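Residue strings, one per chain:
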Amino acid sequence: MTIIQKVKIGIIDFSKRYPFFRQGLRKIDYLTKRVRFQIRGIGKKVEQNTILFSAFKGKSYSCSPKAIYEYMQKEEKYKNYQYIWAFEQPEEYQFLTTNRNTKVIQYGGKIYEKYLKVTKYWIFNFMIEGHIYPKKNQVYVQCWHGTPLKKLGFDLKNAKNAMNTDKEIYRRYGLDAKKFQYILSPSRFASEKFITAWNLDKTNNEEKVLEQGYPRNDFLSNYTDEDIQEIKQKLKIPLDKKVILYAPTYRDNQHKAGVGYTYQTEVNFEKLQKELQEKYIILFRAHYLVANSFDFQKYQGFIYNVSDYDDINHLYVISDLLITDYSSVFFDYANLKRPILFYMYDLEEYREELRGFYIDISELPGEIAQTEEKLIESIENIENFVYDKKYQKFYEEYNYLDDGQATKRVVEDIIS
């Protein structure tokens, strides 16, 4: 580790202990980047029929930005549009340049900010950096990336977050709300929560919510058996075993200087392997904010780390069972009407101290396990799964707009 890296880690650790110091550093950083962003935009005009896409801060080709892009690629009336994709590792996505009018650039930095200044539409599923502001004639579409179970933004009270106080979180959400022209919503429920989480009710901006469904979920209505076979072959997983997708979220109070948010797997995989390996394999999918690595080498053939696999929709459709905790993934997975289990080993802490929930967990469409013994028992009983009235009620309340046509509606509202 270099001296510079050690200094950075020391500053981060100090910032975590002293919010006023952290806030001062962030203000200096914001002002510096803001001035630079403004200078880079001098003399640049917005070009019509240009769209900039990015998903999860350039980490993948996925989610609603991918769905919107692929829909517009197929539609003849959008043939004259110019499409730009921003990735952290653009060299891995050069295959997109063979598509119509498509360019791939580096996420972050000078080139990225240059395109931010000239593209008409920004299609992102995350909050843009604080110093970046769209011009009045630009359209920033906040696709977001899930129906919220855990509380967000202005709805948080006394949350334990390793890197932000409540006020810092409010400022971030408030700033984002000022910038986007639309935030996509998959249901009335989500619309209500986004309105309060981004403080849109207090600023009279409720009309920014576009309630037409999530474009990314169209795939869950339109996938084929051929898609399933192709994905399984790509992942090189056995075709004769059932697939468990384990997709936990991160914890706001687990952060390591110089690394980022971390996740400690509170699962005895050795025990799971012993009990389940004859019938099952596990696909492990970490949250995109989790920066630490996972070593599953000793579970080879049983656990497959798919955290870096771009599109989680592909993992949904090849899975026979989803296990999660507080992640929003179960809302999307419910479209498949397949079994879901919730492994909530830290339920009380998460609910009372970290985030809290928007809905009563008794509404969840699956069993809740708080111990490993209960988790294994529930997995072994999954063959008795029935799509019951409770599950159906959940689907009808939260997923009624996931009809395979959300992308068409969203694009027509935003572009046309």
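Right above here is the structure, for reference.
Here is a short report on the structure shown in this document. Values in this document were obtained by computation on a predicted structure and should not be read as measured data. (Residues numbered from 1 in each chain as written. Predicted model: local features only at pLDDT ≥ 70, side-chain atom pairs only at ≥ 80, totals over all residues. Heavy atoms only, no water.)

1. Quick look at the environment of F296
Examined against the element boundaries, F296 turns out to sit in the loop between β11 (280-284) and β12 (303-305). We classify F296 as buried; its relative accessible area is 10%. On a C-alpha basis, the gap between F296 and F269 in space is 9.0 Å, while along the polypeptide they are 27 residues apart. Those residues in contact with F296 that lie beyond four places of it in its chain are F269, F284, I303 and N305. (Helix = DSSP H or I, 4+ residues; strand = E, 2+ residues; numbered from the N terminus. Buried < 20%, exposed > 50% of the residue type's maximum accessible area, 1.4 Å probe, protein only. Contact = heavy atoms within 4.5 Å.)

2. Quick notes on the sheet that holds strand β5 (residues 139-142)
Sheet architecture is open: seven strands sit in the order β3-β2-β1-β4-β5-β6-β7, paired in parallel fashion. In this open sheet, the two edge strands, each paired with only one partner strand, are β3 (102-106) and β7 (209-211). Pairs of neighbouring strands in the sheet enclose a mean axial angle of 25 degrees, with direction left out of account. Pairing between strand β2 (residues 82-87) and β3: five bridges, direction parallel. (Pairing = 2+ DSSP bridges. Axes fitted to C-alpha atoms, helices over the stretch in contact; angles between N-to-C directions.)

3. Topic: the nonpolar core
If you look at the biggest cluster of nonpolar residues, it comprises 102 residues, and the most contacted ones within it are M72, W198, L283 and I414. Excluding residues within four positions of it along the chain, L283 makes contact with I237, V243, I244, L245, Y246, Y304, V306, L315, I318 and S319. (Core = buried A, V, L, I, M, F, W, Y, C linked by side-chain atoms within 4.5 Å.)

4. Some thoughts on the packing of aromatic side chains
What the rule picks out here adds up to 45 aromatic pairs. Taken together, the aromatic side chains of Y107, Y112, W122, F124, F126, Y140, W144, Y173, F180, F194 and W198 make up a single cluster linked through ring pairs. Over the face of the ring belonging to Y115 we find K114, whose NZ or CZ atom lies 5.4 Å from the ring centre. Positioned above the aromatic ring of F37, the side-chain terminus of K117 is 4.1 Å from the ring centre. (Phe/Tyr/Trp six-rings, centres within 6.5 Å; stacked < 30°, edge-to-face > 60°. Lys NZ or Arg CZ within 6 Å of the ring centre and 35° of its normal.)

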